[in-house]
Every structure is written in C-alpha cells, then in structure tokens.
Amino acid sequence: MNTFGNKLRVTVFGESHGELIGVVLDGVPAGLPLSADDFLADLDRRRSGARGTTSRHESDAPHIVAGIYEGHTTGAPLAITFDNGDTRSGDYASLLDHPRPSHADFVAARKFHGFNDPRGGGHFSGRLTLTLVAAGVVAKKMIAPIAVAAVIKSIGGSSDSAEFQSIIEAAMADGDSVGGVIECTATGVPVGLGEPFFDSVESLASHLLFSIPAVKGVEFGSGFAAAALRGSQNNDPIISPDGRTATNNAGGIVGGITNGNPSVIRVAVKPTPSISRTQNTLRISTGQVESLAIKGRHDACIALRVPVVVEAAIAIALAQLIPDPRL
Ligand SMILES: Cc1cc2nc3c(=O)[nH]c(=O)nc-3n(C[C@H](O)[C@H](O)[C@H](O)COP(=O)(O)O)c2cc1C
C-alpha cells in the first residue's frame, strides 16, 4: 500500500506527470508551528538543476491544503500537495510496449494489467520523493531535539569527493549513469527508542529507506563489514552510565533499540536505469528483444539528490517511536 506508520501515518499519492503529487500525514500533534517556508530548505536540497541531475525544472512549491490554522498544526490530517508543471509525456508513450531495463515499466504493466500511468515513471517516479521530503520536514520537528543529517559518502565507487564531478561527467559523456552511497547520522538520540522485533529501529528505518526508488542496500554501523570482523574488533565497550560507547560499530542500535550513541545508517543508491546509451530489452508486442534508445530527461546520478530523502526516511521512522509529542 501507499501508507506507512502507526503513530505518524504517511500516505503518498500522485504520478510524475499527473496534475499533482501529495502527502497526507495523520498523527501530527496539534500546535506544531508550521508554514510553507519551513519546507523550502529541504525541498531545495532535493531539487534538480545541478550537473548530473535532470533538466526537468519544477517550482516544488508546497501547498498546505489541510491540517493547519494560523501558523500551527491543528491535529487533524495534514495534507501537502505539489503541482506538476514541466512534463513531456510523449517521451514515455512507447515504454508500455518496450520497457526500460531496471526501471519499473515492465513490472508495473504486468501488475496493473497495463492500466498504470507510464508517463515519467508514473507512481514509481523519483518525483514522489518530494512528498517524502515534505513529510520529513514535519517529522524532523516532531523528533527534535534529535537531529538527522545525511551526506554523500561515495559516487561511482570513489569516496574522494574531489573526484565526484569528474566521475559523473565521464558517465554522462558515455551516455551512462552512476550510483553512490549516502550516510545519515542521527544525533541526540536517547537510549530506548525501538522495539526488540518487528518495530526495531532497523526494521522501521529499512522499511522506509527501501521505499525510496533506486535504494538497493541499507546498513547500520559497521554493517556488512562486521561479517569480516572478530567480536573483539566489532564490540563497542560501554564507557559511561548514559550508554556512550568507545566505538560505534553498532551504529547506535543494539537489540533493535537505540543505545544513546548516534544512529549511523548507510544507503546504496543504484545508477539511474534510464541511460541514453542504446540497450536491449523485450518489445512485448513482437516478443523480440530489440534495441531501445531512451528519450526523456533523466538524472545521471540519483545519489546527488537523495541525502535529504534519506534524512526524511530516518526522521519518519524515529517519529513512530518517540514516546510523547515534544511540544
Ligand atoms: C530523486 C530520484 C530521482 C530519480 N530520477 C530518475 C531518473 O531521472 N530516471 C530514472 O530512470 N530513474 C530515476 N530514479 C529511479 C527510479 O525511479 C527507480 O530506479 C525505478 O522506479 C525502479 O525502482 P528500483 O530502482 O527501486 O528497483 C530516481 C529516483 C530518485 C529517488
């Protein structure tokens, strides 16, 4: 379904080239100061325009259409919409019959019997992450003083930020795309958030993070590297009564529960599936594999736009777990 959460229930709706996209947030406490301006900084961080991102330009202006009165949340469902303007739907008409490799065209057409909206990826589009970022702005207010901050750790396999731009340029020159790794840190996290099993912090965070299109891996603390370590290397000695540890290989989470250290999460973002190089893929009407030249405007490196989306996912996950609204 398109709804996540119990305490803060988030519903996203819309398609990339439909009239609008939006998010409904149920469970936002009454009395939270909120205005359209509060969204601008985070929405701007997800915006396209930088080299390596799509040339589609949208205003991304948030319309708060319900749940707010005189500058404060009312406690009723909060609804925020964004108009879609800069669409070129003709670029996508043929994809129902000739689906892009590693995009959702094929599975969407099968699952929804061809009734899915293929324009710009429809409901599968990265554009929908705008709604997650908006939800994240509200969730960040709910979880304060916990703060979340995400950065790009690597692009195309390199962790040298001085190389990022040239790696992206080289891929673009080849009509290709590159992936990247994002690291998110939550600070000011108290001991005790999360449940031992299904609502572990890792479970909730992963559920949200894997909802972000193009996210293919999630790890906490030392993550996959832990499998190659000995216990003596991976264990985090506790050094203070508030749970602080000498190292943080656990990424701030043990037994599904926050341990008072920063939560550290890394996310792998795959290379953009829509590349301008010609690729082979099935043409459904002929049953033959034929070459496909993808049209449309695409990000060459999705990871450039994802850090603020990851922050939103983590904030929404933590908002499920905070004991009381902190107003
Ligand atoms: C911010 C953002 C922007 C994206 N831009 C594009 C794009 O321009 N072209 C594209 O093919 N995929 C883009 N994607 C990824 C696709 O939506 C995604 O790969 C596709 O829906 C298949 O889902 P999966 O990769 O999670 O399996 C973007 C994703 C995000 C989060």
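What you see is a predicted model, and the numbers here were worked out from it, not measured in a lab.

Once that is clear, we can look at the overall build of the protein chain. If you tally the helices and strands in the protein chain, you get seven helices and 15 strands. Its C-alpha radius of gyration of 21 Å places the protein chain within 12% of the 20 Å reference for a compact globule of 327 residues. In terms of principal-axis extent, the alpha carbons of the protein chain reach across some 65 × 55 × 35 Å. Scored against the burial criterion, the 327 residues of the protein chain give a buried share of 47%.

The subject of this paragraph is the site of the ligand. In the vicinity of the ligand lie 17 residues, with A214, K216, K270, S274 and D299 positioned nearest. Interatomic distance of 2.9 Å between a backbone N/O atom of A214 and an oxygen atom of the ligand. A distance of 2.9 Å separates a nitrogen atom of the ligand from a polar atom in the side chain of H298. Taking 630 Å² as the accessible area of the ligand by itself, protein coverage stands at 88%. Of the residues belonging to the shell around the ligand, the class tally is six nonpolar, seven polar and four charged.

Attention now moves to the environment of P99. Within the secondary structure, P99 sits in the loop between β7 (78-83) and α2 (105-111). A relative accessible area of 4% means that P99 is categorised as buried. Each residue touching P99, except ones within four places of it in the same chain, is listed here: D105, F106, T281, L282, I284 and L292.

What follows is about the sheet that holds strand β13 (residues 263-269). Across the sheet, which stays open at both edges, the four strands sit in the order β8-β9-β13-β10 with antiparallel pairing between neighbours. In the strand order of this sheet, the two ends are held by β8 (147-155) and β10 (215-220), each with one partner. Averaged over neighbouring strand pairs, the angle between their axes works out to 20 degrees when direction is ignored. Bridge analysis of strand β9 (residues 180-187) against β13 gives seven bridges, and the strand direction is antiparallel. The partner of G180 across the bridge, within β13, is V269. In the packing of helix α5 (residues 201-209) onto the sheet, contacts are made with β10 and β13, and the angle to β10 comes to roughly 160 degrees.

The complete set of buried residues in α5 reads V201, L204, A205, S206, L208 and L209. Looking at the buried positions of α5, the neighbouring elements they touch are β1 (3-4), β10, β11 (253-254), β12 (257-258), β13 and α7 (307-319).

The next subject is the sheet that holds strand β2 (residues 9-14). One key point about sheets: their strands pair by backbone hydrogen bonds, in either a parallel or an antiparallel sense. Taken together, the five strands give an open sheet; going across it, the order is β1-β2-β3-β7-β4, and neighbouring strands pair in antiparallel fashion. Whereas interior strands pair on both sides, the edge strands pair on one side only; in this sheet they are β1 and β4 (63-66). Alignment of strand β3 (residues 20-26) against β7, held across six bridges, turns out to be antiparallel. What sits directly across from L20, in β7, is D83.

Our focus in this paragraph is the environment of T187. Inspection of the secondary structure puts T187 in strand β9. The class for T187 is partly exposed, based on a relative accessible area of 38%. Among all residues touching T187, those that are not within four sequence positions of it are P145, I146, A147 and P262.

On to a nonpolar patch on the surface. A cluster of nonpolar residues, F106, V107, L282, I284 and V289, forms a patch on the protein surface that exposes about 400 Å² of accessible area. Along the chain, V107 turns up in helix α2. Here V107 falls in the exposed class, since its relative accessible area comes to 51%.

Moving on: the pattern of salt bridges. Scanning the model with the defined rule gives 18 salt bridges in all. Of the charged contacts in the structure, one is a salt bridge between D42 and K140, with a shortest N-O distance of 2.6 Å. Of this pair, D42 sits in helix α1 (residues 37-46) while K140 sits in helix α3 (residues 129-143), placing them 98 residues apart in sequence. Between R47 and D60 there is a salt bridge whose closest N-O contact spans 3.9 Å. One end of the pair, R47, is in the loop between α1 and β4; the other, D60, is in the loop between α1 and β4, with 13 residues separating them in the sequence. Connected through salt bridges with shared partners, the residues D42, R45, K140 and E311 form a single ionic network.

Turning our attention to the packing of aromatic side chains. All told, the structure shown has one aromatic pair when counted by the stated rule. For the pair F197 and F198, a centre-to-centre distance of 6.3 Å together with 50 degrees between the ring planes defines the contact as tilted. For the pair formed by F197 and F198, the shared burial category is exposed.

Turning next to the side chain of R100. Examined against the element boundaries, R100 turns out to sit in the loop between β7 and α2. Reaching out from R100, the side chain makes a polar contact with the side chain of S274 at a distance of 2.8 Å. Among all residues touching R100, those that are not within four sequence positions of it are Y92, L95, D105, G121, S274, L292, I294 and H298.

Rules used in this analysis
Residues numbered from 1 in each chain as written. Predicted model: local features only at pLDDT ≥ 70, side-chain atom pairs only at ≥ 80, totals over all residues. Heavy atoms only, no water. Helix = DSSP H or I, 4+ residues; strand = E, 2+ residues; numbered from the N terminus. Rg over C-alpha atoms; globule rule 2.2 N^0.38 Å. Buried < 20%, exposed > 50% of the residue type's maximum accessible area, 1.4 Å probe, protein only. Near = heavy atom within 4 Å. Polar contact = N/O pair within 3.5 Å; in protein donor to acceptor, adjacent residues only side chain to side chain. Areas by Shrake-Rupley, 256 points an atom, 1.4 Å probe, with all protein chains shown as cover. Nonpolar A, V, L, I, M, F, W, Y, C, P; charged D, E, K, R; others polar. Contact = heavy atoms within 4.5 Å. Pairing = 2+ DSSP bridges. Axes fitted to C-alpha atoms, helices over the stretch in contact; angles between N-to-C directions. Patch = residues over 30% accessible without salt bridge, like charges linked within 9 Å, V, L, I, M, F, W, Y side chains within 5 Å. Salt bridge = Lys/Arg side-chain N within 4 Å of Asp/Glu carboxyl O. Phe/Tyr/Trp six-rings, centres within 6.5 Å; stacked < 30°, edge-to-face > 60°.

Interpretation in functional terms is not warranted from these geometric data alone.
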